[in-house]
Structures are given as structure tokens and as C-alpha cells.
Amino acid sequence: MLNLETSRLVLRPWQDRDRVPFAAINADEEVRRYYYPRLLTSAETDELIDDANERLSRDGFGFLAVERKADGALIGGAGLSRPGAEVPGDFPLEIGWILGRAYWRQGYATEISRCCLDFAWRRLGAECVIGYTSEINLPSRQAMEKIGMSRVERADFDDVTVPPGNILRPHVLYRIDRPAL
Ligand SMILES: CC(C)(COP(=O)(O)OP(=O)(O)OC[C@H]1O[C@@H](n2cnc3c(N)ncnc32)[C@H](O)[C@@H]1OP(=O)(O)O)[C@@H](O)C(=O)NCCC(=O)NCCS
């Protein structure tokens, strides 16, 4: 199954030992500040992990566990997925990350993204990759801009899985096109 490597990290399928640390990340109010529903139970994290592994074996790509080489710590999850039905347009691939608070602002999302985008261009032959987040998630928007994504004009959308009136419902869409390789 898929394993990707960067200078500091390994991106790999989920293992049972990831369940407890990833549940802790998904139960942190700061990490989940821009998500709906806000916090996940351990059972919900387990479902997410099982679903991610199923998609990885079916599709050959997906949402991966991110382990730090230096100490084996699970720092979070990230990868390429198929956008949900709530996302407008006909885009085949999205990139996303969710990292534990202790690992923020150390360039990990940038490092992960470079590796995943390289995989998308070279191994999947993708023409473009999108990213999206709630309009108010400025860290995520800036992280997308840092890796060269641009906001798609007139592509804002409401995430219909978030109730009307909730501040997390309005979403913005970013994209990056395959560079000349
Ligand atoms: C968004 C997230 C993945 C960024 O990860 P990260 O490893 O800290 O990002 P990087 O260190 O690679 O930083 C990349 C850029 O993102 C921006 N950024 C990251 N965190 C930020 C913050 N808290 N506030 C403002 N900008 C931020 C900066 O522009 C940064 O570049 P710089 O450090 O040179 O200024 C991380 O904050 C996270 O997991 N948040 C919770 C989950 C989440 O919201 N995921 C996205 C859902 S779509």
C-alpha cells in the first residue's frame, strides 16, 4: 500500500497504534475549531481511520497517517481524496490536512503538500488539485496559498452538511494546476 516520504515525515496507511493519538487530535477544540461537527468521539475517529484505509486499498491514494521520523510520533492525517458531493464542480482530487496542535507552524503542512502534489502530478497524472475550507479558516487558507494554490473566483459554496446560519457553512475553494514537469 501507499507510502510516501519527505525529509522529516512518513505518510502511510493507518495502523491500530494511531487510533489513540488521532482520537486525541480529533477531540481537541482548537484543532477542530473550523470543523462541523466540532469534536469527534473515539468511535468516530475509528470510523474515519477504517474508511480511509478502505479507500486507500481501493483507490491507491487517500487520507494517510503522518508519522514523524525523528520520534515515531503520529502528528496527524493528510492526503489526497475525492471531493465530497457538497463540493461544486467536477474536480477529481482534493488535498487536506489535520495536524495536532503541538505540530503547527513547523512547516509540516507545506512539506506534506509538496509530497502529495508531486504524487498527484507524477503518479496519478492529475491535471489539477483543489482544496477547500470554511471561509473563516484563515490558517488553512494561508497554508493553501503558501503551497501555490489560488482561490477560484465565483466558486464559493455553502457546505450543505453544515446547518444554515452556522458560521462554518460558507466555504471557499482553491486550486493548483499541474506545473510543466
Ligand atoms: C492548517 C494547518 C494544517 C497548517 O499546518 P502547519 O503545519 O501549521 O502549516 P505550515 O507550518 O506548513 O505553515 C504554512 C503556512 O500556513 C499559514 N498558517 C499556518 N498556521 C497559521 C495560523 N495559525 N495563522 C495564520 N496562518 C497560518 C502560514 O502562512 C504558514 O506559512 P508561514 O509559517 O511561512 O507563515 C494546521 O493549522 C491544522 O492542522 N489546523 C487544524 C485543522 C485544519 O483546520 N485543517 C484544515 C481544514 S481544511
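Below you will find a few notes about this structure. Fair warning: this is a prediction, and the values are worked out from it, not measured in the lab. (Residues numbered from 1 in each chain as written. Predicted model: local features only at pLDDT ≥ 70, side-chain atom pairs only at ≥ 80, totals over all residues. Heavy atoms only, no water.)

Turning our eyes to something else, we now look at the overall build of the chain. The helix and strand tally for the chain stands at 4 helices and 9 strands. The globule rule puts the C-alpha radius of gyration for 181 residues at 16 Å, and the 16 Å found for the chain is close to it. In terms of overall dimensions, the chain has C-alpha extents of about 45 × 40 × 30 Å along its principal axes. Taking as baseline every contact in the chain between residues at least 6 positions apart, the subset at least 24 positions apart corresponds to 62%. Per element, the accessible surface of the chain, about 9,500 Å² overall, is 48% carbon and sulfur. Across the chain, the mean location of the 24 positive side-chain charges is 5 Å away from that of the 28 negative side-chain charges. (Helix = DSSP H or I, 4+ residues; strand = E, 2+ residues; numbered from the N terminus. Rg over C-alpha atoms; globule rule 2.2 N^0.38 Å. Contact = heavy atoms within 4.5 Å. Areas by Shrake-Rupley, 256 points an atom, 1.4 Å probe, with all protein chains shown as cover. Lys, Arg positive; Asp, Glu negative; His and termini not counted. Charge placed at Lys NZ, Arg CZ, Asp CG, Glu CD.)

Further remarks concern the packing of helix 1 (residues 19-26) against helix 2 (residues 42-59). Orientation of helix 1 relative to helix 2, taken along the N-to-C sense of each, is 115 degrees, at an axis distance of 9 Å. Our pair here, helix 1 against helix 2, has a crossing hand that is right-handed. Only S42, T45, D46, L48, I49 and D50 of helix 2 make contact with helix 1, whose side of the interface consists of R19, F22, A23 and N26. Looking at side-chain class alone, the contact of helix 1 with helix 2 contains 4 nonpolar, 3 polar and 3 charged residues. (Axes fitted to C-alpha atoms, helices over the stretch in contact; angles between N-to-C directions. Left-handed = near helix turned anticlockwise from the far one by under 90°. Nonpolar A, V, L, I, M, F, W, Y, C, P; charged D, E, K, R; others polar.)

This paragraph deals with the site of the ligand. Looking at the ligand, there are 20 residues lining it, with L99, R105, G107, T110 and K146 nearest. Contacts to the ligand include W97, whose backbone N or O atom sits 2.9 Å from a nitrogen atom. About the coverage of the ligand: the protein hides 80% of its 910 Å² of free accessible area. Contributions of two or more residues to the shell around the ligand are made by strand 5 (94-99), helix 3 (108-122), strand 6 (128-134) and helix 4 (138-146). Element by element, the count of residues in the shell around the ligand is highest for helix 4, at 5 residues. Split into classes, the residues belonging to the shell around the ligand amount to 11 nonpolar, 7 polar and 2 charged. (Near = heavy atom within 4 Å. Polar contact = N/O pair within 3.5 Å; in protein donor to acceptor, adjacent residues only side chain to side chain.)

What follows covers the pairing of strand 3 (residues 63-68). Counting buried positions along strand 3 yields 6 of 6 residues, so the element is predominantly enclosed. Of the pairings in the sheet, the one linking strand 2 (residues 9-12) to strand 3 comprises 4 bridges and is antiparallel in character. Residue pairing across strands places V10 opposite E67, the latter belonging to strand 3. Connecting the antiparallel pair strand 3 and strand 4 (residues 74-81) is a turn made up of 5 residues, with G72 showing a positive phi of about 75 degrees. (Buried < 20%, exposed > 50% of the residue type's maximum accessible area, 1.4 Å probe, protein only. Pairing = 2+ DSSP bridges.)

The next thing to look at is helix 2. One full turn of an α-helix is made of 3.6 residues, so residues set three or four places apart face in the same direction. Taking 1.5 Å as the rise per residue, helix 2 with 18 residues should run 26 Å; its terminal C-alpha atoms sit 25 Å apart, in good agreement. Those residues of helix 2 hidden inside the fold are in contact with helix 1 and strand 3. (Expected span 1.5 Å × (residues − 1).)

Summed over the entire model, instances satisfying the criterion amount to 19 salt bridges. Residue R8 is joined to E111 by a salt bridge in which the shortest nitrogen-to-oxygen separation is 2.7 Å. Of this pair, R8 sits in the loop between strand 1 (4-5) and strand 2 while E111 sits in helix 3, and the two are 103 residues apart along the sequence. Taking the relative accessible area as the measure of exposure, R8 reaches 31% and is therefore partly exposed. On the basis of relative accessibility, which here comes to 14%, the residue E111 falls in the buried class. (Salt bridge = Lys/Arg side-chain N within 4 Å of Asp/Glu carboxyl O.)

It is worth spelling out the packing of aromatic side chains at this point. Under the defined criterion, the tally for this structure stands at 4 aromatic pairs. When the ring of W14 is compared with that of F22, the centres are 4.6 Å apart and the planes differ by 40 degrees; the resulting orientation is tilted. By the burial criterion, W14 is buried, and F22 matches it. Aromatic pair F22 and F63: ring centres 6.4 Å apart, planes at 45 degrees, arrangement tilted. Of this pair, F22 sits in helix 1 while F63 is found in strand 3, placing the two residues 41 residues apart along the sequence. Exposure remark for F22: the relative accessible area of 1% places this residue in the buried category. Ring-pair connections join several aromatic residues into one group, and the members of that group are W14, F22 and F63. Geometry around Y35 places R32 over its ring, the cationic atom sitting 4.2 Å from the centre. (Phe/Tyr/Trp six-rings, centres within 6.5 Å; stacked < 30°, edge-to-face > 60°. Lys NZ or Arg CZ within 6 Å of the ring centre and 35° of its normal.)

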